[in-house]
Amino acid sequence: MFELYLDTADLGQIARFGASLPVRGITTNPSILAKANSGLAELLPKVAEVLGKEARIHVQVVSESADAMVKEALSLQELPYDIVVKVPATETGLTAIRQMKARNIPVLATAIYSVQQGFLAALCGADYLAPYVNRIDAIGANGVGVVADLQHLLDRHHLASKLLPASFKNTQQVLEVLKAGVASITLPADIAAELFAHPSVEPAVNRFSQDWQAVFGQTLSFES
Ligand code: G3P
């Protein structure tokens, strides 16, 4: 089943989209938590309150050696929440991912900028792969192309990793990765809002109201 995440620790936005959309959980990284000035002890209970205890929360390790990352992941797994451990897909990170998967820890390989790098993370057993679509575009490469090629390789080799593309700056990038067949996505709040904001929608809805009220006034549909 497709998984929709919000790439934010802003509780107001999480509550907003948690009400209007079937949000599976949130993705965070050290920059997002620092921006929200919110540690896990504060954030996790509040997210559970807003999205429900079953919400899945992706949390990135901040340790720098493989052994320390694994220890950090084990501690994260002791928390009473559905936590996926995010690990940068560096050489050190892949070493840690292999050890984490040997311990059945759910893992997302993050900071993916190339197909090759993502493919290696999939071979290491990462449950999710997070290519950074807009950041790839910003360095003159093709973010959507990386996602599409990775999805092709996952399918071709029957690898179980799910693509969870991140880093979006426009809704076209979102559409293109969805068309590539990804199993999940994480959206920043501003892009989630833009997905609703087609300029023709509001005029269409207003026209329905005007037409109705011109004939039926304030009468409700079932009263007409
Ligand atoms: O976790 C990575 C993702 O949040 C990157 O997004 O907008 O910082 O490129 P952005």
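Each value, and the rule that gives it
- Residues numbered from 1 in each chain as written.
- Predicted model: local features only at pLDDT ≥ 70, side-chain atom pairs only at ≥ 80, totals over all residues.
- Heavy atoms only, no water.
- Axes fitted to C-alpha atoms, helices over the stretch in contact; angles between N-to-C directions.
- Helix = DSSP H or I, 4+ residues; strand = E, 2+ residues; numbered from the N terminus.
- Left-handed = near helix turned anticlockwise from the far one by under 90°.
- Contact = heavy atoms within 4.5 Å.
- Nonpolar A, V, L, I, M, F, W, Y, C, P; charged D, E, K, R; others polar.
- Phe/Tyr/Trp six-rings, centres within 6.5 Å; stacked < 30°, edge-to-face > 60°.
- Buried < 20%, exposed > 50% of the residue type's maximum accessible area, 1.4 Å probe, protein only.
- Near = heavy atom within 4 Å.
- Polar contact = N/O pair within 3.5 Å; in protein donor to acceptor, adjacent residues only side chain to side chain.
- Areas by Shrake-Rupley, 256 points an atom, 1.4 Å probe, with all protein chains shown as cover.
- Expected span 1.5 Å × (residues − 1).
- Arc of directions from axis to C-beta.

Here's the deal with the packing of helix α1 (residues 11-20) against helix α10 (residues 189-196)
Line of reasoning, step 1. Where α1 meets α10, the axes come as close as 11 Å, and the angle between the chain directions of the two elements is 35 degrees. Considering the relative orientation of α1 and α10, their crossing is left-handed. Listed contacts from α10 to Gln-13, Arg-16, Phe-17 and Ser-20 of α1 are Ala-189, Ala-192, Ala-193 and Phe-196.
Line of reasoning, step 2. In terms of residue class, the contact of α1 with α10 is built from five nonpolar, two polar and one charged.

Quick word on the packing of aromatic side chains
Line of reasoning, step 1. Counting across every chain of the model gives three aromatic pairs.
Line of reasoning, step 2. When the centroid spacing of 6.3 Å and the interplanar angle of 5 degrees are considered together, the rings of Phe-17 and Phe-196 count as stacked. Of this pair, Phe-17 sits in helix α1 while Phe-196 sits in helix α10, and the two are 179 residues apart along the sequence.
Line of reasoning, step 3. Note on Phe-196: relative accessible area 45%, which makes it partly exposed.
Line of reasoning, step 4. On the numbers, 5.5 Å between centres and 65 degrees between planes, the contact of Tyr-113 with Tyr-132 is edge-to-face. Highlighted residues: Tyr-113 in the loop between β5 (107-112) and α6 (115-123) and Tyr-132 in the loop between β6 (128-131) and α7 (133-138), separated in sequence by 19 residues.
Line of reasoning, step 5. On the accessibility criterion, Tyr-113 (32% relative accessible area) is partly exposed.

Overview of unusual backbone geometry
Line of reasoning, step 1. Although it is not a glycine, Asn-37 sits at a positive phi angle of roughly 50 degrees.
Line of reasoning, step 2. When you line up the elements, Asn-37 lands in the loop between α2 (30-36) and α3 (40-51).
Line of reasoning, step 3. When its relative accessible area of 66% is taken as the criterion, Asn-37 is described as exposed.
Line of reasoning, step 4. One non-glycine residue, Ala-111, adopts positive backbone phi at about 60 degrees.
Line of reasoning, step 5. Relative to the elements of secondary structure, Ala-111 occurs in strand β5.

As for the site of the ligand
Line of reasoning, step 1. The full set of residues close to the ligand is Asp-7, Asn-29, Lys-86, Tyr-132, Arg-135, Ser-167 and Lys-169.
Line of reasoning, step 2. Side-chain polar atom of Asp-7 to an oxygen atom of the ligand: 2.6 Å apart, as the coordinates give it.
Line of reasoning, step 3. Ser-167 is positioned with one of its side-chain polar atoms (N or O) 2.7 Å from an oxygen atom of the ligand.
Line of reasoning, step 4. Notes on the ligand: free accessible area 310 Å², of which the protein chains cover 82%.
Line of reasoning, step 5. Its residues placed into classes, the shell around the ligand shows one nonpolar, two polar and four charged.

Structural notes on α3
Line of reasoning, step 1. The end-to-end C-alpha separation of α3 is 15 Å, in line with the 16 Å expected for 12 residues at 1.5 Å each.
Line of reasoning, step 2. Residues of α3 that are buried: Leu-40, Leu-43, Leu-44, Val-47, Ala-48 and Leu-51. One side of α3 carries all its buried residues, which in axial view fall inside an arc of 125 degrees. Of the residues in α3, the exposed ones pointing more than 90 degrees away from the buried face are Ala-41 and Glu-49.
Line of reasoning, step 3. Against the buried residues of α3 lie α1, β2 (25-27), α2, β3 (56-60), α4 (66-78) and β4 (82-88).
Line of reasoning, step 4. One or two residues past the end of α3 sits Gly-52, with phi positive at roughly 105 degrees.

As far as function goes, none of this settles anything; it's purely spatial.
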